[in-house]
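Survey of secondary and tertiary structure
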Amino acid sequence: MSARNDSFLERVENWFYQHIVWNISLWIRDPKRYYMERRAIKRFPPGTIIEDCRYRPAIILENDQGNLRCWDMCEGGLSECALFHCGIEKLRPDYAFELVRKWRAGEMTKETLYPDYTARHPNRHADGMHRD
């Protein structure tokens, strides 16, 4: 249910659970980390262009406590990243469109991003996964 259809009390209760109850154990253990995580989550609102963990430009559609749902700008389709697990960076729009052009033209591939790995493991794909 969207926030517009919720009553005021439901929205307050959702906020309370989202910001206080679910994070109380982290706040008790490490309050500095809690506040740094809250600040990092606010830096990546929906609509932000990022470089996701696959080194591809993506647009954030949803940020749920650091779990990002994104739209891949190279191939289209949804992808998911974790803000505190993946190496995510903000991109300027002009640089993001240049990366999209390179990915689509074939100038940038997984093999060009990981040249040492592919040279050492010739039977594996560049992302480390086996495929038959």
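I will try to describe carefully the structure that is included in this document. Quick caveat, the model's predicted, so the values are computed rather than measured.

With respect to the sheet that holds strand β2 (residues 57–64)
Spatial ordering of the open sheet is given by β4-β3-β2-β1-β5, a layout of 5 strands whose pairing is antiparallel. Lying at the two open borders of the sheet, with one neighbouring strand each, are β4 (78–82) and β5 (89–90). Where β2 lies against strand β3 (residues 67–72), 6 bridges are found, and the strand directions are antiparallel. Bridge pairing in β3 links I60 to C70. Lying over the sheet, helix α4 (residues 93–105) contacts β1 (49–51) and β2, oriented at roughly 120° with respect to β2.

Considering the packing of aromatic side chains
Going through the model one piece at a time under the given rule, you end up with 0 aromatic pairs. One cation-aromatic arrangement involves R56 over W103; the distance from NZ or CZ to the ring centre is 4.5 Å. The lysine or arginine in question, K90, covers the ring of F44, its NZ or CZ lying 5.7 Å from the ring centre.

As for the nonpolar core
With 12 residues, the main nonpolar core is built from A40, I41, F44, I50, A58, I60, L68, C70, C81, L83, C86 and I88. Those elements that provide at least two residues to this core are α3 (31–43), β2 and β3. Apart from the residues lying within four places of it in its own chain, the contact partners of A40 are L83 and F84. Counting residues in each nonpolar core, the second largest holds 9 residues, with M73, C74, V100 and M108 among its members.

Quick word on the pattern of salt bridges
For the structure on display, the rule yields 9 salt bridges. Residue D72 is joined to R54 by a salt bridge in which the shortest nitrogen-to-oxygen separation is 3.3 Å. Of this pair, D72 sits in strand β3 while R54 sits in the loop between β1 and β2, placing them 18 residues apart in sequence. Between R56 and D72 there is a salt bridge, with the nearest N and O atoms lying 2.8 Å from each other.

Some thoughts on the pairing of β3
Of the two faces of β3, the one holding L68, C70 and D72 is buried and the one holding N67, R69 and W71 is not buried anywhere. Linking β2 back to β3 in an antiparallel pair, the connection comprises 2 residues, with Q65 at a positive phi of about 55°. Note that β3 and β4 share 5 bridges and pair antiparallel. Bridged to N67 within β4 is A82. Two successive antiparallel strands, β3 and β4, enclose a turn made up of 5 residues, where G76 displays a positive phi of approximately 80°.

Details of the side chain of T48
Tracing the chain through its elements places T48 in the loop between α3 and β1. Its relative accessible area of 12% is what places T48 among the buried residues. Only 2.8 Å separates the side chain of T48 from the backbone oxygen of P45, close enough to count as a polar contact. If sequence neighbours within four positions are ignored, T48 has contacts with A58, I59, I60 and K90.

Reading the values: the criteria
Residues numbered from 1 in each chain as written. Predicted model: local features only at pLDDT ≥ 70, side-chain atom pairs only at ≥ 80, totals over all residues. Heavy atoms only, no water. Pairing = 2+ DSSP bridges. Helix = DSSP H or I, 4+ residues; strand = E, 2+ residues; numbered from the N terminus. Contact = heavy atoms within 4.5 Å. Axes fitted to C-alpha atoms, helices over the stretch in contact; angles between N-to-C directions. Phe/Tyr/Trp six-rings, centres within 6.5 Å; stacked < 30°, edge-to-face > 60°. Lys NZ or Arg CZ within 6 Å of the ring centre and 35° of its normal. Core = buried A, V, L, I, M, F, W, Y, C linked by side-chain atoms within 4.5 Å. Buried < 20%, exposed > 50% of the residue type's maximum accessible area, 1.4 Å probe, protein only. Salt bridge = Lys/Arg side-chain N within 4 Å of Asp/Glu carboxyl O. Polar contact = N/O pair within 3.5 Å; in protein donor to acceptor, adjacent residues only side chain to side chain.

The values reported here are purely geometric and, on their own, carry no functional implication.
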